[in-house]
Amino acid sequence: MNIKEIINKLSDEGYNPYLQEKLGIIFNSIDDNKGNPKVNSVSQIRIEKEKIIIQYPLGQIPVEKEFKTIEELLKFVRQVFPI
């Protein structure tokens, strides 16, 4: 499991991932036509102990979900953050 592979697959899907290398976190969003992240489309993705963890806001409460594969993550991202 590779963080760069996650970035590439998100980009291929049309999302705008940005890697914060020092933190090892991908900030992912859907951008509007001006290149700014759309409200409620921003999430954080990280890898911990062979798990992919996505954190995203649900209202004002941060929610975390864990996945074992990149494909499971992508399926979830497509459902929660449709383009």
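Along each chain, numbering runs from 1 in the same order as the chain's sequence is written. pLDDT decides what is reported in this predicted model: residues at 70 or higher carry local features, side-chain atom pairs at 80 or more are listed and counted, and totals for whole chains, interfaces and linings draw on all residues regardless. Remark: hydrogens and water are excluded; side-chain values derive from all non-hydrogen atoms of the structure.

Thoughts on the overall build of the chain
Assigned secondary structure in the chain consists of two helices and five strands. The helix and strand labels rest on DSSP assignments: H or I over at least four residues marks a helix, E over at least two residues marks a strand, and numbering proceeds from the N terminus. Helices and strands appear in the chain in the N-to-C order α-β-β-β-β-β-α. For 83 residues, the compact-globule estimate of 2.2 N^0.38 gives 12 Å, and the chain sits close to it at 12 Å. When the 83 residues of the chain are sorted by exposure, 33% land in the buried category. Within the chain, counting contacts between residues at least 6 apart in sequence, those at least 24 apart form 30% of the total. Surface exposure here means Shrake-Rupley accessible area, sampled with a 1.4 Å probe, where a residue is shielded only by the protein chains that are shown. When the accessible surface of the chain is totalled, it reaches about 5,700 Å², and 49% of it is carbon and sulfur. What the globule rule says is 2.2 Å times the number of residues to the power 0.38, and the radius of gyration is computed from C-alpha atoms. Type-normalised accessible area, obtained with a 1.4 Å probe on protein chains alone, sets the label of each residue: buried when under 20%, exposed when over 50%, and partly exposed for intermediate values. We call two residues in contact whenever any of their non-hydrogen atoms come within 4.5 Å of each other.

Looking at the packing of aromatic side chains
Pairing of aromatic rings covers Phe, Tyr and Trp, the last counted by its six-membered ring, and requires centre-to-centre distances within 6.5 Å; plane angles under 30 degrees mean stacked, over 60 mean edge-to-face, and any other angle means tilted. Under the defined criterion, the tally for this structure stands at three aromatic pairs. Plain terms: the ring middles of Y56 and F81 are 5.9 Å apart, the flat faces sit at 90° to each other, and that makes the pair edge-to-face. In this pair, Y56 sits in strand β4 (residues 51–58) while F81 sits in the segment after α2 (70–80), placing the two residues 25 residues apart along the sequence. The two residues Y56 and F81 agree in class, both being buried. Chaining the aromatic ring pairs together yields one cluster made of Y56, F67, F76 and F81.

Thoughts on the pattern of salt bridges
Salt bridge, as used here: a side-chain nitrogen of Lys or Arg that lies within 4 Å of a carboxyl oxygen of Asp or Glu. Taken as a whole and judged by the stated rule, the model has five salt bridges. In this structure, R46 and E48 form a salt bridge, with 2.6 Å as the shortest nitrogen-oxygen distance. Within the structure, one salt-bridge network assembled from shared partners comprises R46, E48 and E64.

Considering the sheet that holds strand β1 (residues 18–20)
Here, strands pair whenever DSSP counts at least two bridges between them. Read from one edge of the open sheet, five strands run β1-β2-β3-β4-β5, paired in antiparallel fashion. Of all strands in the sheet, those bounded by a partner on one side alone are β1 and β5 (61–67). With strand direction ignored, the average angle separating the axes of adjacent strands in the sheet is 25°. Relative to strand β2 (residues 25–28), β1 runs antiparallel, the two being bridged by three bridges. Pairing of L19 across the sheet is with I26, part of β2. Fitted lines through C-alpha atoms serve as axes, helices being fitted only where they are in contact, and the angles separating the N-to-C directions of these axes extend from 0 to 180 degrees.

Remarks on the environment of F81
Assessed through its relative accessible area of 5%, F81 is described here as buried. With 38 residues separating them in the primary sequence, F81 and S43 have C-alpha atoms 9.3 Å apart. Once residues lying within four places of it in the same chain are set aside, the contact partners of F81 are Y15, I30, N40, S41, V42, S43, I54 and Y56.

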